[in-house]
Every structure is written in C-alpha cells, then in structure tokens.
Amino acid sequence: ATACPDCFKPAKNKQSVFTRMAVIKALEKIKEEDFLKHFPCPPSSPKNLCVALEIQCNNGAVFVAGRYNKYSRNLPQTPWIIDGERKLESSVEELISEHLMVEFKADSFNFSSSGREDVDVRTLGNGRPFAIELVNPRRIHFTAEEMKGLQQTINNSSDKIQVRDLQLVTREAIGRMKEGEEEKTKTYSALIWTDKAIQKEDIAFLDDIKELKLDQKTPLRVLHRRPLAVRCRVIHTMKSEYIDEHHFRLHLKTQAGTYIKEFVHGDFGRTKPNIGSLLNRTADILELDVESVDVDWPPTL
C-alpha cells in the first residue's frame, strides 16, 4: 500500500481495500526496482518451520442450471429487501434454491440468470435460463433420475414457478448463459391502455414497423440502482391485437435489455420514440408477459 497508495482505496461496499483486483493492479503499476526495495528476489529463507494450526476440508462448488417460468405478478426474482426490511415473502431464487440447498447439503448459494423480469411480469413459454452455484456441498453426485425427481419436488412445492431442464453443469458452461446476452432477442406480450378511443385501423401501422431504433435514458424507476445513461435498443417487430376502444395487446420482438414498460408510456419522454408518441396519445401498460428468452441454454433434456 505504501509503494502504490492510489491502488488501494476504500469503497463503501467493499469489505477490504486489499481485493484481488487491487493487488493485480498494484503489481502491474509498480516499477521493478520499487518492488525489489520492499521484497527481495529471491525471498530470504524462513528461519523456522511452518506448523499446521487447523485443517479444513471443503468441496468444490457444484453448479445446477435450468429454465424457470414465473406465473405470479407478485413475485420478485431475488429477495426484495429495502432498508433492511423485507417487502414480499418469497422470490423465484428462494423457491428454487431452498430445495437444492437441502438435497446438496450446501453452505450457501449464488443465483444468476439470463436477464430478469420485474416483480409484476410473468415469464411464460420456455422460461428463462438460470444457474445456481452451490457452495461447499456435502453431496455432489446425482443421477439424471434424481435430478428429475428434484425438479418435480420444486414444481410440486409452488404454483408460482415451474422449472425445466434441471441439470448439473460446469462453471465454464455458465459463461455461455451470459455470453451475447445483449445480442439475444426476447419476445413480449403487453396489454396497453390509451386515453383516447382507438379503432383497429389506428394501430394497424404498428405491424409494419421493423427494426425500430430507440434511445432509452435509464428509467426513473431503476435510477437508484443503475447509472444514468442513454442506451440504444431495437424493437425488431410488432404485432397489434385490437381489444376495444381503449385497449389493445402488442406482441413485440426486441433486443435483450429493452425496457418495455418505458417503450409503452415513454417515461416522461425519456424513451424515444414510444407507443404514446407513435399513436399521438397517452398510452400506459397494464400487464406484461415475457413470452420467450431466445438463449439456447442449458441443453434441453
């Protein structure tokens, strides 16, 4: 830290300033002669022998992957805790992992997925790919039949979610879930309300719009946890379905990472263009469903 003081800076969410990345950065920055002043090369021989104080046996992590469907409009993907207070009693992550934790007898887990949906959005179709790292499991060998049984246990335990293609994967395979996430497409179905009455012909032109480019400023609702930026996103295709004078359903195929709710209501002009500006009236979204996440992972069983 004395040789490279600007490499070790405290950050509010870091436990220690001496992180692995900070040490790597310091080793890259420091000149060889400065390094040798602090640490002779080769190092001096130790004067006394090492003594083992304790021996600990841990198992390497095990990785489980699959796809999940979410049928509830009142279920977050991960625990929803604000200022230390829990807002909803469960989450997708917990409904899946609690059974895995029991069967694998693990100490803890880490959940990751290909994107995420809002608490009030359902995920239908083939589901969303997810992976769970089980830390220090006491049991690691499961047959395909046992994994199928575990999948059934999860599915029987809740009507809010279902999982499919539950399988053991390698750490490297998880990288494939995250690869090209932005390039992937997602299909949505949105129930839209308009303030002025519409006829079928008023929305028909939406079906002809292809590869519509959007500029999306970070939505107000996520600004507390995402940096302020303008992201360019693409709506590949749209198909409208007229319901009545104030409601229609819109089926969209979009670039992953597109904020659909904001594309509908415009987020006070922060998403341009938006459905409201295209129809020249106020539009809002009543319901949103993810119909498909086009990531071909994990392998279908």
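To keep things clear, this report deals only with the structure shown in the data block. (Residues numbered from 1 in each chain as written. Predicted model: local features only at pLDDT ≥ 70, side-chain atom pairs only at ≥ 80, totals over all residues. Heavy atoms only, no water.)

### Quick word on the state of the cysteines
Under the counting rule described, the total for this entry stands at one disulfide. Linked covalently through their sulfurs, Cys4 and Cys7 form a disulfide whose S-S length is 2.3 Å. For Cys4, a relative accessible area of 6% translates into the label buried. Free of any disulfide, Cys41 has its nearest neighbouring cysteine sulfur in Cys4, separated by 19 Å. Look at Cys41 and you get exposed, because its relative accessible area is 63%. Of the cysteine sulfurs around Cys50, a residue in no disulfide, the closest is that of Cys57, at 19 Å. (Disulfide = S-S within 2.5 Å. Buried < 20%, exposed > 50% of the residue type's maximum accessible area, 1.4 Å probe, protein only.)

### Considerations on the packing of helix α3 (residues 92-104) against helix α4 (residues 144-157)
At a minimum axis separation of 9 Å, α3 and α4 run at an interaxial angle of 140°. Here α4 runs oblique to α3, going by the angle between their axes. As α3 packs across α4, the resulting crossing turns out to be right-handed. Residue-level inspection shows Leu95, Ile96, His99, Leu100, Glu103 and Phe104 of α3 in contact with α4, the latter providing Met147, Leu150, Thr153, Ile154 and Ser157. (Axes fitted to C-alpha atoms, helices over the stretch in contact; angles between N-to-C directions. Helix = DSSP H or I, 4+ residues; strand = E, 2+ residues; numbered from the N terminus. Parallel < 35°, antiparallel > 145°, perpendicular 65-115°, else oblique. Left-handed = near helix turned anticlockwise from the far one by under 90°. Contact = heavy atoms within 4.5 Å.)

### Regarding the pairing of strand β10 (residues 247-255)
Note: strand β7 (residues 185-194) against β10, nine bridges, orientation antiparallel. Looking at β10, one finds that Tyr188 is bridged to Leu252. By the bridge criterion, eight bridges tie strand β9 (residues 230-244) to β10 in an arrangement that is antiparallel. Directly across from Met238, in β10, lies its bridge partner Leu252. Between the end of β9 and the start of β10, which pair antiparallel, lie two residues. (Pairing = 2+ DSSP bridges.)

### Re the environment of Lys253
Among the secondary structure elements, Lys253 is positioned in strand β10. For Lys253, a relative accessible area of 34% translates into the label partly exposed. Each C-alpha atom, one on Lys253 and one on Leu301, is 26 Å from the other, the two residues being 48 residues apart in sequence. Once residues within four sequence positions are removed from consideration, Lys253 is found in contact with Thr185, Lys186, Thr187, Ile235, His236, Thr237 and Asp294.

### What about the packing of aromatic side chains?
In total, this model carries five aromatic pairs according to the counting rule given. Considering the side-chain rings of Phe8 and Phe18, the 4.9 Å spacing of their centres and the 45° angle between planes classify their relative orientation as tilted. In this pair, Phe8 is assigned in the segment before α1 (20-29) and Phe18 in the segment before α1, connecting sequence segments 10 residues apart. Here Phe8 falls in the buried class, since its relative accessible area comes to 15%. Of the residues examined, Phe18 reaches a relative accessible area of 51% and is grouped as exposed. When the ring of Tyr68 is compared with that of Phe130, the centres are 6.1 Å apart and the planes differ by 45°; the resulting orientation is tilted. One end of the pair, Tyr68, is in strand β1 (residues 62-70); the other, Phe130, is in strand β5 (residues 122-135), with 62 residues separating them in the sequence. Per residue, the accessibility class of Tyr68 equals that of Phe130, and both read buried. Through a chain of ring-to-ring contacts, the aromatic side chains of Tyr68, Phe111 and Phe130 assemble into a single cluster. Over the face of the ring belonging to Phe142 we find Arg139, whose NZ or CZ atom lies 3.9 Å from the ring centre. (Phe/Tyr/Trp six-rings, centres within 6.5 Å; stacked < 30°, edge-to-face > 60°. Lys NZ or Arg CZ within 6 Å of the ring centre and 35° of its normal.)

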